[in-house]
Amino acid sequence: MPDTLVEKAIRCKKEEKDLYAYYFLREHHDDATIIFCNSITCVRRLTSLLAFLKVPNQWPLHSKMQQR
């Protein structure tokens, strides 16, 4: 792993996850960030939420996406 890579985990209640993800992205808007989800449904829900909140540069990926 590169020395510049920083891993962070936030433990929270299920209903707080979206709020913490948004807060983290706003606080670290100048940093490259990857958010891992444990389901395709979570990826789609979080993508929609971040688009609604106008968080830029989203690249959602999951296993059911088609190759080009």
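Here the structure is shown first, and the text comes after it.
Figured I'd write up the structure that's included with this text. (Residues numbered from 1 in each chain as written. Predicted model: local features only at pLDDT ≥ 70, side-chain atom pairs only at ≥ 80, totals over all residues. Heavy atoms only, no water.)

1. A word on the layout of surface pockets
- Here the largest pocket is characterised by a volume of approximately 1100 Å³.
- The wall of the largest pocket is formed by 30 residues, among which Lys8, Thr33, Ile34, Ile35 and Phe36 lie closest to the centre.
- When residues of the lining of the largest pocket are traced back to their parent elements, those giving at least two are helix 1 (17–27) and helix 2 (40–52).
- Tallying contributions element by element places helix 1 first for the lining of the largest pocket, with 5 residues.
- Computed from the structure, the second largest pocket encloses a volume of approximately 630 Å³.
- Looking at the lining of the second largest pocket residue by residue, the class counts come to 14 nonpolar, 7 polar and 1 charged. (1 Å grid on protein atoms, 1.4 Å probe; cavity = no way out; pocket = protein on both sides within 12 Å on 5 of 7 lines; lining within 4 Å. Points joined across faces, edges and corners; volume = space filled by probe spheres on them. Helix = DSSP H or I, 4+ residues; strand = E, 2+ residues; numbered from the N terminus. Nonpolar A, V, L, I, M, F, W, Y, C, P; charged D, E, K, R; others polar.)

2. Focus: the nonpolar core
- Membership of the largest hydrophobic core is limited to 5 residues, which are Ala21, Leu25, Leu46, Leu50 and Val55.
- Within the residue set of this core, elements represented by two or more residues are helix 1 and helix 2.
- Apart from the residues within four sequence positions on either side, Val55 is in contact with Tyr22, Leu25 and Leu50. (Core = buried A, V, L, I, M, F, W, Y, C linked by side-chain atoms within 4.5 Å. Buried < 20%, exposed > 50% of the residue type's maximum accessible area, 1.4 Å probe, protein only. Contact = heavy atoms within 4.5 Å.)

3. Regarding the packing of helix 1 against helix 2
- Remark: helix 1 packs on helix 2, axes separated minimally by 11 Å, with the N-to-C direction vectors making an angle of 50°. As far as their axial angle goes, helix 2 and helix 1 are oblique. Helix 2 is crossed by helix 1, and the crossing has right-handed handedness. Contacts from Asp18, Ala21, Tyr22 and Leu25 of helix 1 reach helix 2 at Arg45, Leu46, Leu49 and Leu50.
- Residues belonging to the contact of helix 1 with helix 2 are distributed by class as follows: 6 nonpolar, no polar and 2 charged. (Axes fitted to C-alpha atoms, helices over the stretch in contact; angles between N-to-C directions. Parallel < 35°, antiparallel > 145°, perpendicular 65-115°, else oblique. Left-handed = near helix turned anticlockwise from the far one by under 90°.)

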